[in-house]
Amino acid sequence: SVGVEMNDVKRTDNKNPHKNDCQYRVMERLDFPIISEDWTAREELALIEGIETYGIGNWVDVAVVVGTKSKPECEFHYYAHYINTASGSSVPDVSRAVSKTKFVKREE
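Everything numeric in this text was worked out from a predicted model, so none of it was measured.

*Asks:* What is the right way to read the confidence of the model for the protein from this model?
*Replies:* Reading fine detail from the predicted coordinates is not recommended where pLDDT is low. Mean pLDDT for the protein: 75, with 52% of residues reaching 70 or above. Mean pLDDT values over the elements of the protein span from 46, in strand β1 (residues 2–6), up to 97, in helix α2 (residues 59–66). Long-range and interchain partners of residues 1–10, a stretch whose pLDDT sits below 50, account for 22 contacts in this model, where long-range means more than four residues apart.

Structure, rendered in structure tokens:
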């Protein structure tokens, strides 16, 4: 899904239509990192979906589901962030997570 992020946009009431010179940028709603800066939230979800569908070890099929990462990238990312975590848990270390707000501000 795609959303539009707009700065200083007032509600349109048909008396004051949206002006075409407002600053805006189109962004995918899940187009921001959450675990590591080089993987978006959409890619993280696709990785988990691919693993649920094809199983751990079927990295070629998982990479097809992710769509934007290679087989080695999917395998490395999964093991680095979901298995071999600093806490020893199979839950990603979100203490270093990149918030959407910080990510968006950094791009501006």
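Next comes the rest of the account.
*Asks:* Just checking my understanding: could you explain helix α3 (residues 71–83) for this structure?
*Replies:* Count 3.6 residues to each turn of an α-helix, and residues three or four apart come out pointing the same way. If you check α3, its first and last C-alpha atoms are 17 Å apart, about what 13 residues at 1.5 Å a residue would give, namely 18 Å. Taken residue by residue, α3 has Cys74, His77, Tyr78, His81 and Tyr82 as its buried positions. Within α3, the buried residues cover an arc of 100 degrees as seen down the axis, which keeps them to one side. Those residues of α3 that are exposed and angled more than 90 degrees off the buried face are Pro72 and Phe76. Next to the buried residues of α3 lie α1 (41–54) and α2.

*Asks:* I'm lost on the packing of α2 against α3 in this one. Help?
*Replies:* Helix-helix packing is described using two parameters, namely the angle between the two axes and the distance between the axes. Two elements in contact, α2 and α3, have axes whose closest approach is 8 Å; the angle formed by their N-to-C orientations is 95 degrees. For the element pair α2 / α3, the angle class is roughly perpendicular. Residue-level inspection shows Trp59, Val60, Val62, Ala63 and Val66 of α2 in contact with α3, the latter providing Lys71, Cys74, Glu75, Tyr78 and Tyr79. Tallied by class, residues from the contact of α2 with α3 come to eight nonpolar, no polar and two charged.

*Asks:* How do you make sense of the packing of aromatic side chains when you look at a structure like this?
*Replies:* When we look at a pair of aromatic rings, we describe it by the centre distance and by the angle of the planes. Throughout the structure, instances matching the rule amount to four aromatic pairs. Between the aromatic rings of Tyr78 and Tyr79, the centroid separation amounts to 5.6 Å while the plane-to-plane angle is 75 degrees, which identifies the pairing as edge-to-face. Assessed through its relative accessible area of 11%, Tyr78 is described here as buried. Ring centres of Tyr78 and Tyr82 lie 5.5 Å apart, and the angle between their planes is 15 degrees; this geometry places the pair in the stacked category. Of this pair, Tyr78 and Tyr82 both sit in helix α3, four residues apart, which is roughly one turn of the helix. The two residues Tyr78 and Tyr82 agree in class, both being buried. Among the aromatic side chains, those forming a connected cluster through ring pairs are Trp59, Tyr78, Tyr79 and Tyr82.

Reading the values: rules and limits
Residues numbered from 1 in each chain as written. Predicted model: local features only at pLDDT ≥ 70, side-chain atom pairs only at ≥ 80, totals over all residues. Heavy atoms only, no water. pLDDT = per-residue confidence, 0-100. Helix = DSSP H or I, 4+ residues; strand = E, 2+ residues; numbered from the N terminus. Contact = heavy atoms within 4.5 Å. Expected span 1.5 Å × (residues − 1). Buried < 20%, exposed > 50% of the residue type's maximum accessible area, 1.4 Å probe, protein only. Arc of directions from axis to C-beta. Axes fitted to C-alpha atoms, helices over the stretch in contact; angles between N-to-C directions. Parallel < 35°, antiparallel > 145°, perpendicular 65-115°, else oblique. Nonpolar A, V, L, I, M, F, W, Y, C, P; charged D, E, K, R; others polar. Phe/Tyr/Trp six-rings, centres within 6.5 Å; stacked < 30°, edge-to-face > 60°.

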